[in-house]
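The lines below spell out each chain.
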Amino acid sequence: MAKVKGDILIDIERCKGCELCAVACPQDSLKLSQKINSKGYHFIVKIEDNCTGCTNCALVCPEGIIKVYRKTLNKKEPVATISNVSKDINITVGT
Amino acid sequence: MRELKLMKGNEAMAEAAIRCGCDAYFGYPITPQSEVLEYLSNEAHKRTGMVVLQAESEVAAINMIYGAAGAGKRAMTSSSSPGMSLMQEGISYIACAEIPCLLVNVMRGGPGLGTIQPSQGDYFQAVKGGGHGDYKLIVLAPSTVQEMVDFVKLSFELAFKWRNPVMILSDGALGQMMEKVELFEQQERIKTIESWATVGKPETRERNVHTSLHMDPEKMEEINIHLQAKYKAIEDEELRFEKINCDDADIILTGFGLVARICQKAASLARERGIKVGVFRPITLFPFPYAELNKLADHAKGFLDVEMNAGQMLEDVKLGVNGKARVEFYGRMGGVIPSPEEILAKIEEKFVGELV
């Protein structure tokens, strides 16, 4: 299966800090910020770079202020390179 | 046709104001009710010609209401706790001059500038009169976004029926909460001119004057006696409350607004454990349903009053129960919302083993 890498964009000015997205996130990558927005609410921020783009947060957000971006990594990236033979060999593992 | 929408409490309330034919809104933004002014300034004038104005302060806003409502128009304002405190002088004047208007208080944690999280710390201010003199507001406490919508319409009806300011006592959580609401049809703005409205003097009648200044003490007492008679009549006619599973309950939870919903969850958790718990929710805080509580105290063994303050409605609950049963209190302050589990733990701590 191709690995999916995701990222989210949060409109922090409209966030009221209800933390529903933090509860819904299976990766536990969302947390309330210590800072506040112009209305005075602590807003949500992404603290871990492990988003899978599952869209749970965007679905539960009552304000609809989370945008989810997805990138599918079809290409197998090399995990090791063996040099010093006639030609460089790239080694990839599984899916 | 039913029109269902998912709306934020504040926006739903603003939409209801437009739909019920409100003529004017004067307000000043304050979290957690800024969305009301935001929503109205985008939509209201285009749709119904309703006047929406951001005043320079809350003090100005309430006096603009005094003027607009004095001319017989349907005027309203909304604010949160510190803003409501600023408005108290004007509210007292309006109550004395018997001018109908709608005030919405989306409560936040206090005292002082406090916090922006939900609280119920303005119960005394709203119900017992935060301003000077012997006056009362009709106070309605919604507990769902649907009620925020319905009560706007109801408030204007009550205000004009009794010529008295009406307050909707909501809180920050209800204001920010998104819920399903059923909206009523758009109504025409009312064109009829009330007999007391200051709209210019025709030759056929004496001029109308709105004032709250009466130098003659006898005249002032007369006005006070008239006001008190009116409040008595309101107490007799406008009582509203909700009883949930109270008929067989040993323990009754009392709470208004948002807390009543948390209490319902706590009550169902308690019933799973075999404790018979009911919920009593006053919808009108003035007039307060004292007699109904007293009736419940005949078979209920204990009352637990739950609030998001230090026990303000507790005094009224005790007056209602009048010594017939034990009354305990649980409250969180400063913007913290109690959880159903906390309330259940309190029921078990205070009553289980002794009363049930």
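Residues numbered from 1 in each chain as written. Chains lettered and ligands numbered in written order. Predicted model: local features only at pLDDT ≥ 70, side-chain atom pairs only at ≥ 80, totals over all residues.

(A) Spatial organisation of the sheet that holds strand 10 (residues 251-254) of chain B. Residue and element names in this part refer to chain B. Here 5 strands make up an open sheet; going across it, the order is 9-11-10-13-14 and the pairing mixed. The open sheet has two free edges, formed respectively by strand 9 (241-244) and strand 14 (326-331), since each of these has just one partner strand. Across the sheet, the mean angle separating the axes of adjacent strands is 20° when strand polarity is ignored. Set on the sheet, helix 11 (residues 313-321) makes contact with strand 10, strand 13 (302-307) and strand 14; between it and strand 13 the angle comes to about 160°. Of the strands in this sheet, strand 10, strand 11 (277-282), strand 13 and strand 14 touch helix 12 (residues 340-350), which is tilted by about 150° from strand 13. (Pairing = 2+ DSSP bridges. Helix = DSSP H or I, 4+ residues; strand = E, 2+ residues; numbered from the N terminus. Axes fitted to C-alpha atoms, helices over the stretch in contact; angles between N-to-C directions. Contact = placed C-beta atoms within 7 Å.)

(B) Looking closely at the sheet that holds strand 2 (residues 24-27) of chain B. Residues and elements named next belong to chain B. Strand order across the open sheet formed by 7 strands is 3-2-4-5-7-6-12, with mixed pairing between neighbours. Single-partner strands in this sheet number two, and they are strand 3 (51-54) and strand 12 (284-286). In this sheet, neighbouring strand axes are inclined to one another by 20° on average, regardless of whether the strands run parallel or antiparallel. Pairing geometry for strand 2 and strand 4 (residues 75-79), over 2 bridges, is parallel. In the sheet register, Ala24 faces strand 4, and the bridge partner there is Ala75.

(C) Representation of the packing of helix 9 (residues 258-272) of chain B against helix 12 of chain B. All names here are of chain B. Packing of helix 9 against helix 12 leaves a shortest axis separation of 8 Å and a crossing angle of 55°. With respect to their mutual orientation, helix 9 and helix 12 come out oblique. Crossing of helix 9 against helix 12: the hand is right-handed. Along the contact surface, helix 9 presents Ile262, Cys263, Lys265, Ala266, Leu269 and Ala270, while helix 12 presents Pro340, Ile343, Leu344 and Ile347. Of the residues that constitute the contact of helix 9 with helix 12, the class distribution is 9 nonpolar, no polar and 1 charged. (Parallel < 35°, antiparallel > 145°, perpendicular 65-115°, else oblique. Left-handed = near helix turned anticlockwise from the far one by under 90°. Nonpolar A, V, L, I, M, F, W, Y, C, P; charged D, E, K, R; others polar.)

(D) Representation of the domain arrangement of chain B within the structure. Residues and elements named next belong to chain B. You can read the domains of chain B as domain 1 (3-201 + 223-237) and domain 2 (241-350). In this structure, domain 1 and domain 2 have C-alpha centres spaced 27 Å apart. With 27 residues of domain 1 at the contact, the number on the domain 2 side is 21 residues. Sorting the residues of the side of domain 1 that touches domain 2 by element identifies helix 5 (123-129), strand 6 (138-140), strand 7 (166-171), helix 7 (172-176) and helix 8 (217-237) as the ones contributing at least two each. If you tally residues by element for the side of domain 1 that touches domain 2, the top one is helix 5, at 4 residues. (Domains from an automatic or database assignment.)

(E) Looking closely at the pairing of strand 5 (residues 102-107) of chain B. All names here are of chain B. Of all 6 residues in strand 5, 6 are buried, a share of seventy percent or more. The alternating pattern of strand 5 places Leu102, Val104 and Val106 on one face and Leu103, Asn105 and Met107 on the opposite face, and all of these are buried. Two elements, strand 4 and strand 5, share 4 bridges in a ladder whose sense is parallel. From the neighbouring strand, Thr77 faces strand 5, where its bridge partner is Leu103. At this point the chain moves from strand 4, through helix 4 (residues 81-96), to the parallel strand 5, and the crossover so formed is right-handed. Pairing geometry for strand 5 and strand 7, over 6 bridges, is parallel. When the sheet's bridge partners are listed, Asn105 is paired in strand 7 with Leu169. (Buried ≥ 20, exposed ≤ 12 C-beta atoms within 10 Å, placed from the backbone. Right-handed = clockwise from strand over helix to strand, strands pointing away.)

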